[in-house]
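Here is how the chains run, residue by residue.
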Amino acid sequence: QAEITNGSFSYRGLPLKAKSINAKAEFNEKTIKKISLSATDGSSDMELSASVRDYREKEPTVNLAVRGKAAAATLRSLVQGSTFEKETGFEGDILYDIKVEGTPSESAAKIKLDAGAAYIQYKKILDKPPGVRLALDLSASKKGKNVDIKNAGLSFSKTPAYWRVAGVVPKSPAQGA
């Protein structure tokens, strides 16, 4: 068993500095039975839970869940100094919930983002005020080099309108993704 209490992490060149890291891992020679971790950078929060079976093998089986809140200050620090910084604006929080299960060659993922409480601006393309729903719901799987998007939904309105991606335009960059 390994445990970290009230730790911190920073790395030169990495814009985020994690504070209040609390983590616990239970493991043996073949399996990481349980990893639980919580951390903050002072404004954003993250919780992670995971397990890994056969972690020393070529095809370990991973079960990973990450959820939390990405605050505007964190998002601004990620784009600071880039050309993207001048093209974007953030206020408020974006909630996320990400789950991944499987092996490096065959896995499945579910991603949910909710930016309903946030102000988000990108160039002149997007200017979303707080209170207007902007949410992403995505389910995908990977087998070998093939990625299959099972379900992709995007919602952005004050009413429950919901759009679903039904296909990919042939020969578009999305088709190769």
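Note that the coordinates shown come from a computational prediction; the quantities given were computed from them, not determined experimentally.

**With respect to the nonpolar core**
And step 1. With 12 residues, the main nonpolar core is built from Val-66, Ala-70, Ala-72, Leu-75, Val-79, Phe-90, Ile-94, Tyr-96, Ala-115, Ala-118, Ile-120 and Leu-134.
And step 2. Listed by contribution, the elements that provide at least two residues to this core are strand 5 (61-71), helix 1 (72-79) and strand 7 (93-102).
And step 3. With three residues, the single largest contributor to this core is helix 1.
And step 4. Excluding residues within four positions of it along the chain, Phe-90 makes contact with Ala-72, Leu-75, Arg-76, Val-79, Tyr-119 and Ile-120.

**Overview of the pairing of strand 5**
And step 1. Bridge count for strand 4 (residues 45-53) against strand 5 is nine bridges, and the pairing is antiparallel. The residue of strand 5 that forms the bridge with Ser-49 is Ala-65.
And step 2. Bridge count for strand 5 against strand 7 is 10 bridges, and the pairing is antiparallel. Looking at the pairing, Gly-68 lines up with Tyr-96 of strand 7.

About the thresholds
Residues numbered from 1 in each chain as written. Predicted model: local features only at pLDDT ≥ 70, side-chain atom pairs only at ≥ 80, totals over all residues. Heavy atoms only, no water. Core = buried A, V, L, I, M, F, W, Y, C linked by side-chain atoms within 4.5 Å. Buried < 20%, exposed > 50% of the residue type's maximum accessible area, 1.4 Å probe, protein only. Helix = DSSP H or I, 4+ residues; strand = E, 2+ residues; numbered from the N terminus. Contact = heavy atoms within 4.5 Å. Pairing = 2+ DSSP bridges.

Purely geometric numbers; function is a separate question.
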